[in-house]
Amino acid sequence: MEITDKKYFMKYNDAAGRKLRPLTADFLTRFGAGSSKEDEDVFRQLSFWLEEAEKKKDVPEEDDIIRGILAYQTAYQKELTELNFHEAVFYLSEILKGPNKKTPSISYRRVGVAIFNERGRRIYRPPGFEYVTAMMSSLFQQIRQLLKQEMSLSEVFYHASLIHLKMFLIHPFVKNNMKAAILLEKWFLAEKLGKDYIKVPSEKYYCLNKGRYDMNTLIGTAYNNVDYSRCLPFLMMLPESLTIEDIGIDEVV
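Here is what the cut-offs are and how they apply
- Residues numbered from 1 in each chain as written.
- Predicted model: local features only at pLDDT ≥ 70, side-chain atom pairs only at ≥ 80, totals over all residues.
- Heavy atoms only, no water.
- Helix = DSSP H or I, 4+ residues; strand = E, 2+ residues; numbered from the N terminus.
- Rg over C-alpha atoms; globule rule 2.2 N^0.38 Å.
- Buried < 20%, exposed > 50% of the residue type's maximum accessible area, 1.4 Å probe, protein only.
- Contact = heavy atoms within 4.5 Å.
- Areas by Shrake-Rupley, 256 points an atom, 1.4 Å probe, with all protein chains shown as cover.
- Lys, Arg positive; Asp, Glu negative; His and termini not counted.
- Charge placed at Lys NZ, Arg CZ, Asp CG, Glu CD.
- Salt bridge = Lys/Arg side-chain N within 4 Å of Asp/Glu carboxyl O.
- Phe/Tyr/Trp six-rings, centres within 6.5 Å; stacked < 30°, edge-to-face > 60°.
- Lys NZ or Arg CZ within 6 Å of the ring centre and 35° of its normal.
- Axes fitted to C-alpha atoms, helices over the stretch in contact; angles between N-to-C directions.
- Parallel < 35°, antiparallel > 145°, perpendicular 65-115°, else oblique.
- Nonpolar A, V, L, I, M, F, W, Y, C, P; charged D, E, K, R; others polar.

Let us now look at the overall build of the protein chain. Along its length, the protein chain carries 11 helices and two strands. Going residue by residue from the N terminus, the α and β elements of the protein chain occur as α-α-α-α-β-β-α-α-α-α-α-α-α. Here the protein chain has a C-alpha radius of gyration of 17 Å; the compact-globule value for 253 residues is 18 Å, and the two agree. Looking at the 253 residues of the protein chain, the share that counts as buried comes to 51%. Contacts in the protein chain between residues at least 24 apart in sequence constitute 74% of all its contacts with a sequence separation of at least 6. When the accessible area of the protein chain is evaluated, it comes to approximately 12,100 Å², of which 50% is carbon and sulfur surface. In the protein chain, 36 side chains carry a positive charge and 35 a negative one; their mean positions are 5 Å apart.

Below you can see the structure in the form of structure tokens.
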């Protein structure tokens, strides 16, 4: 299934369509049109939740948060292209601590990867690394097509979630695939609906519902047997994230 496919849109629209307009209006009241300082504060909190969702550390370090802010600022200020996406992923990456930290670029993986459960059992096998570059090139070609199309609010959210799901299933990077997929999803929203949509608090929602996120994204044991007929529960998570009223981190820190 491609991200341009509308096979499941009618079911999605029946489930989420009527809820989206009041939810987005409420979201814009809370997070829209802030000052640069207010925007940076929002990006700081979203960056915290982005790191928390991956749960690599007990508490994200300040360096992680600062790099996350740079990634959000890139998405907030720049056009959604594959090159700019690589720059944002670079800021999300530990590579900033290495010898090439002044070069804002990163390549797709050149090794095989897999997703394992807590017991060390493999539960998902992404496509081989030799296919990843072509797959991501195709993904961004389809994103360009979608960006040119007139869409309803419901269609924008539907395709944004499909972009997230597709990229996560490709797993194009060795690390930070969840973080990159979340950012790409919202970057698409921002291109279609306005830049303030980069502030949709989906990071916190995915973090607080990590068990559901894992279950809803892994709809196959390998890329070649993914069952997209099971995608609707995941697609519903982005609209549900608009119900988050506070992205504060006091309850975690």
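Inspection of the entire model under this criterion finds 13 salt bridges. Across the salt bridge formed by D41 and K37, the nearest N and O atoms sit 3.0 Å from each other. Taken as a pair, D41 and K37 lie in helix α2 (residues 36-54) at a separation of four residues, close to a single helical turn. Residue K37 is classed as exposed on the basis of its relative accessible area, which comes to 53%. When the shortest N-O distance is used, the salt bridge between E87 and K78 registers 2.8 Å. Overall, the relative accessible area of 33% leaves K78 in the partly exposed class.

Here we come to the environment of T81. With respect to the helices and strands, T81 occurs in the loop between α3 (62-77) and α4 (82-91). When its relative accessible area of 26% is taken as the criterion, T81 is described as partly exposed. Measuring from C-alpha to C-alpha, the distance between T81 and F140 comes to 7.3 Å, with 59 residues separating the pair along the chain.

In this section: the environment of T4. Here T4 lies in the segment before α1 (9-31). Sequence separation between T4 and N84 is 80 residues; the distance between their C-alpha atoms is 21 Å. Setting aside residues up to four positions removed in sequence, T4 forms contacts with Q142, Q145, L146 and H159.

Looking now at the packing of aromatic side chains. Here the structure, examined in full by the defined rule, presents 16 aromatic pairs. With a centroid separation of 5.7 Å and an interplanar angle of 5°, the aromatic rings of F43 and Y72 are classed as stacked. One end of the pair, F43, is in helix α2; the other, Y72, is in helix α3, with 29 residues separating them in the sequence. In terms of burial, F43 and Y72 fall into one category: buried. Measuring from centroid to centroid gives 5.8 Å for F168 and Y213, while their planes differ by 85°, and the two rings are edge-to-face. Separated by 45 residues along the polypeptide, F168 in helix α6 (residues 153-170) and Y213 in helix α9 (residues 210-217) bring together distant segments of the chain. Of the two residues, F168 and Y213, neither departs from the other in class, the shared state being buried. Positioned above the aromatic ring of F9, the side-chain terminus of K6 is 4.2 Å from the ring centre.

So, on to the packing of helix α5 (residues 129-148) against α6. Contact geometry of α5 with α6 gives a least axis separation of 11 Å together with a crossing angle of 175°. Relative to α6, the element α5 lies roughly antiparallel. Touching V132, M135, M136, L139, I143 and L146 of α5 are H159, I163, K166, M167 and I170, all from α6. Of the residues in the contact of α5 with α6, the class split is nine nonpolar, one polar and one charged.

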